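Observations on the three-dimensional arrangement
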Amino acid sequence: MATIVQDLTRLEKAVDILDAIYRHRKHNPTTKSDEVYYELMLDYNRQLLRAKADGKPIAGYGLMIPNEILHAMDIIPLHLEVGSSMPVSILKSYEETLAAAKSFGLPVELCSAHRTMVGVHRMGWAPRPDFVIWCSTICECCAKSGGLISELWNVPRFFLDRPFLDTDEQIAYFANELGDMIGFLEKQTGKKMDRDRLQEVVAESYQCYQIQKEIQALRCRIPAPVFNKVVVQNILVEWLYGGTPKATYYYKIVRDEMKAMADKGQSPTTEKFRLLT
């Protein structure tokens, strides 16, 4: 397998564009949540660029990996499906990225998110992770692509085997798997997990979860008290910032904006259809 040459110029360009969007939102406000969302996306990508200079390890991690553990250990999280591919959507470089994945041997029938992810890393446009963690839940692509990314960069990897059910037996099994994952991270970073810190992060994550339940209930209201794009933004914030005070702050703003709309029976948009996914 050819050696990957890291080239972060596209990530730097994406950061410049996000910075411009954030400053525009700040000086030409629409909603506070929109401003904070772009601030979070900007900060996320900036920390990826600063990671090496700050002496912090980068973990490439896939969907359904509990990033609370990464935050508790002060590891910079590089979300493989979203974080790796964000510059592609910002710079509109879809064709180049998907062509790189195709030339690498990935057929067009595969999930476009994972083809994009592989294309980005194959061309070295994403930061080199120090190690990769991925799991089996969601789809076959998720179960395979994390291992491929670790092979592309030739870095250590850990496969988290997530059961599909929530029986007592499978919950106990998953708890053991998480323990093994923490052991892997301790070995890679040379740092022991601070259990008190982990407890703080999990408590923050639970607070976010409770606020999101309120947001989901408000989404049921008619007319819809929120733009449809906010639903996707909420997911991205959870995937990138779960367990952090920044996520809690963002969700509180979204909830309060939605509640103000719902209490007045208002909507920021004209709703013709409502999709259930």
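First things first, this report covers the structure right here in the doc. Everything quoted here is computed from the prediction, not taken from an experiment.

Cut-offs and rules
- Residues numbered from 1 in each chain as written.
- Predicted model: local features only at pLDDT ≥ 70, side-chain atom pairs only at ≥ 80, totals over all residues.
- Heavy atoms only, no water.
- Buried < 20%, exposed > 50% of the residue type's maximum accessible area, 1.4 Å probe, protein only.
- Helix = DSSP H or I, 4+ residues; strand = E, 2+ residues; numbered from the N terminus.
- Pairing = 2+ DSSP bridges.
- Right-handed = clockwise from strand over helix to strand, strands pointing away.
- Axes fitted to C-alpha atoms, helices over the stretch in contact; angles between N-to-C directions.
- Parallel < 35°, antiparallel > 145°, perpendicular 65-115°, else oblique.
- Contact = heavy atoms within 4.5 Å.
- Nonpolar A, V, L, I, M, F, W, Y, C, P; charged D, E, K, R; others polar.
- Core = buried A, V, L, I, M, F, W, Y, C linked by side-chain atoms within 4.5 Å.

Looking now at the pairing of strand β1 (residues 58–61). Of the two faces of β1, the one lined by I58 and G60 and the one lined by A59 and Y61 are each fully buried. Bridge count between β1 and strand β2 (residues 76–79): four bridges; the pairing is parallel. The residue bridging G60 from the neighbouring strand is L78, located in β2. The parallel pair β1 and β2, bridged by helix α3 (residues 67–72), forms a crossover whose chirality is right-handed. Here three bridges tie β1 to strand β3 (residues 131–135), and the two strands are oriented parallel to one another. Residue pairing in the sheet places Y61 in a bridge with I133 of β3.

Another point: the packing of helix α6 (residues 112–122) against helix α7 (residues 140–153). Close contact between α6 and α7 brings their axes to 10 Å; oriented N to C, the two are set at 5°. On the basis of the axis angle, α6 is roughly parallel to α7. For the pair formed by α6 and α7, the contact residues are H114, M117, V118, H121 and R122 on the first element and C141, C142, S145, L148, I149, L152 and W153 on the second. Looking at the contact of α6 with α7, its residues break down into eight nonpolar, three polar and one charged.

In this structure, M41, L185, V237 and Y250 are the most contacted members of the largest nonpolar core, which totals 57 residues. Among the elements that line this core, the one with the most residues is helix α2 (residues 32–54), at nine residues. Counting 13 residues, the second-largest nonpolar core is a separate cluster that includes I4, A101, W134 and L152.

Without other data, these values stay purely geometric and don't point to any function.
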